[in-house]
Amino acid sequence: MRHSRQRATRSTILAGSVLLALSLSACTNASQAAPEPAGSGASAGANTGAEAVALNETARDLLPEEIRAAGTLRVASDPTYAPFEYYDTDNTTMIGYDVDFSDAVGAALGLEVEHVPATFDTILPGLASGKYDMAMSTFSITPEREKIVDFVDYLNGGSGVAVVPGNPQQISMDPLSMCGKKIAGQKGSIQSMEYLPAFSKECTAAGKEPIVIQNFPGQTDANLALTSGRVDAVVADSVSLAYQAKEAGGQFELAAGEDYEPIPTGIALAKNAGLQEAVTEATRGILDSDYYEEMRAKWGLPESVLITSEVLDEK
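Because the structure is a prediction, the values reported are computed rather than measured. (Residues numbered from 1 in each chain as written. Predicted model: local features only at pLDDT ≥ 70, side-chain atom pairs only at ≥ 80, totals over all residues. Heavy atoms only, no water.)

### With respect to the sheet that holds strand 4 (residues 94–95)
Whether parallel or antiparallel, the strands of a sheet pair through hydrogen bonds between backbone atoms. Read from one edge to the other, the open sheet built from three strands follows the order 2-3-4, with strand pairing classed as antiparallel. On the outer flanks of this sheet lie strand 2 (80–81) and strand 4, each paired with one strand and no other. By the bridge criterion, two bridges tie strand 2 to strand 3 (residues 85–87) in an arrangement that is antiparallel. Of the residues in strand 3, the one forming a bridge with Thr 80 is Tyr 86. (Pairing = 2+ DSSP bridges. Helix = DSSP H or I, 4+ residues; strand = E, 2+ residues; numbered from the N terminus.)

Structure (structure tokens):
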């Protein structure tokens, strides 16, 4: 397991644009083997278990009075990123690991949770403007984002690349394997805004063709582009890619290889909103509980993504 606050060594500073900094996307942990899906349908994804999380009086006492009085925590997520956040078979109910975790945070704080769907690149700007109280959409914690929003760690993760079965073009997370290829990412993601442009520069520096980067509004859109032959590969969170590949019946697969630069994944909170201390204490209790492991097992995440509450003490 990784418990350090490792930062990506290839990070590109997106100076001069708060909106770009806000829109940098998710990145959770990779697994060489695809995780076992929790299954489909309401029985597999129903938000059960959070009711077992006890009220955390210490955390609740730290809540801003206006949030305590409202009794509701508005949580934004992009529901295209299974197994973290996506729609159940009714196409209305949001389910997934992040949904369960945010429900647990709400239970610990004695608050009802209102799950608000949003496109990924609009979530952090919406959070900063007060449209939401909290955001959980597998956000990588980067120095650029930390200038704009506050984070509470809850997982550790990296990126991977999805390819068609058999990987005939031998594409991997080695940048030089992507040169001249059409590589997709989710709009606003750390993969599309930071990693792929950096990889493309490595290609041209080596005298090779640049990567043809294609961005899509949702992860499902990027995956469809791969399965329909419009792109050669997709770079995203590797746990999500592996899960979605199994759910898609093997129409694509996660290329073999190690996770690319695992970094902390965090719950996002607006700066100066007064929620960070309360959410940190609520999260501490969840990380120390059996429910943390139960959620991991339910959604098929590898054990390597888990952290301990000691990480929260390092902030």
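### Here we look at the nonpolar core
One recurring pattern in soluble globular proteins is that nonpolar side chains are buried together. Formed by 59 residues in total, the largest nonpolar core has its most connected members in Tyr 97, Phe 101, Val 105 and Ile 267. At six residues, helix 5 (residues 97–109) tops the list of elements feeding residues into this core. Setting aside residues no more than four positions away along its own chain, Tyr 97 makes contact with Pro 83, Phe 84, Tyr 154, Leu 155, Tyr 292, Met 295, Arg 296, Trp 299 and Leu 301. Membership of the second largest hydrophobic core comes to 18 residues, among which are Val 163, Met 173, Met 178 and Cys 203. (Core = buried A, V, L, I, M, F, W, Y, C linked by side-chain atoms within 4.5 Å. Buried < 20%, exposed > 50% of the residue type's maximum accessible area, 1.4 Å probe, protein only. Contact = heavy atoms within 4.5 Å.)

### Quick look at the environment of Val 53
If you trace the backbone, Val 53 turns up in the loop between helix 2 (42–45) and helix 3 (57–61). In contact with Val 53, other than residues within four places in its own chain, are Ala 104, Ala 107, Ala 108 and Tyr 291.

### Focus on the pattern of salt bridges
Applying the stated rule across the entire model yields eight salt bridges. In this structure, Asp 100 engages Lys 298 in a salt bridge whose closest nitrogen and oxygen atoms are separated by 2.9 Å. Residue Asp 100 is found in helix 5, and its partner Lys 298 is found in helix 12 (residues 290–299); the two are separated by 198 residues along the sequence. Overall, Lys 298 belongs to the partly exposed group, its relative accessible area being 21%. Its salt-bridge partner being Asp 150, residue Lys 271 comes within 2.8 Å of it at the nearest N-O pair. A residue pair is termed long-range when its members are at least 10 positions apart, and Lys 271 in the loop between strand 12 (260–270) and helix 11 (276–287) and Asp 150 in strand 7 (residues 149–163) qualify at 121 residues. Taking relative accessible area as the criterion, Lys 271 reaches 33% and is therefore assigned partly exposed. (Salt bridge = Lys/Arg side-chain N within 4 Å of Asp/Glu carboxyl O.)

### Things to note about the packing of helix 5 against helix 12
The contact between helix 5 and helix 12 brings their axes to 10 Å, and the two run at 160°. Taken together, the axis directions place helix 5 and helix 12 in an arrangement best described as roughly antiparallel. Relative to helix 12, the crossing made by helix 5 is right-handed. Here helix 5 contributes Tyr 97, Asp 100, Phe 101 and Ala 104 to the contact with helix 12, which in turn contributes Tyr 291, Tyr 292, Met 295, Arg 296, Lys 298 and Trp 299. Looking at side-chain class alone, the contact of helix 5 with helix 12 contains seven nonpolar, no polar and three charged residues. (Axes fitted to C-alpha atoms, helices over the stretch in contact; angles between N-to-C directions. Parallel < 35°, antiparallel > 145°, perpendicular 65-115°, else oblique. Left-handed = near helix turned anticlockwise from the far one by under 90°. Nonpolar A, V, L, I, M, F, W, Y, C, P; charged D, E, K, R; others polar.)

### Concerning the pairing of strand 7
Taken across its 15 residues, strand 7 has 15 buried, putting it largely inside the fold. Pairing analysis gives nine bridges linking strand 7 to strand 12, with the strands arranged antiparallel. Paired with Gly 157 across the strands is Ile 263, a residue of strand 12. With four bridges joining them, strand 7 and strand 10 (residues 233–237) adopt antiparallel strand pairing. For Val 161, the partnering residue across the bridge sits in strand 10 and is Val 235. Here strand 7 pairs with strand 11 (residues 253–254) via two bridges, running antiparallel. Directly across from Val 163, in strand 11, lies its bridge partner Glu 253.

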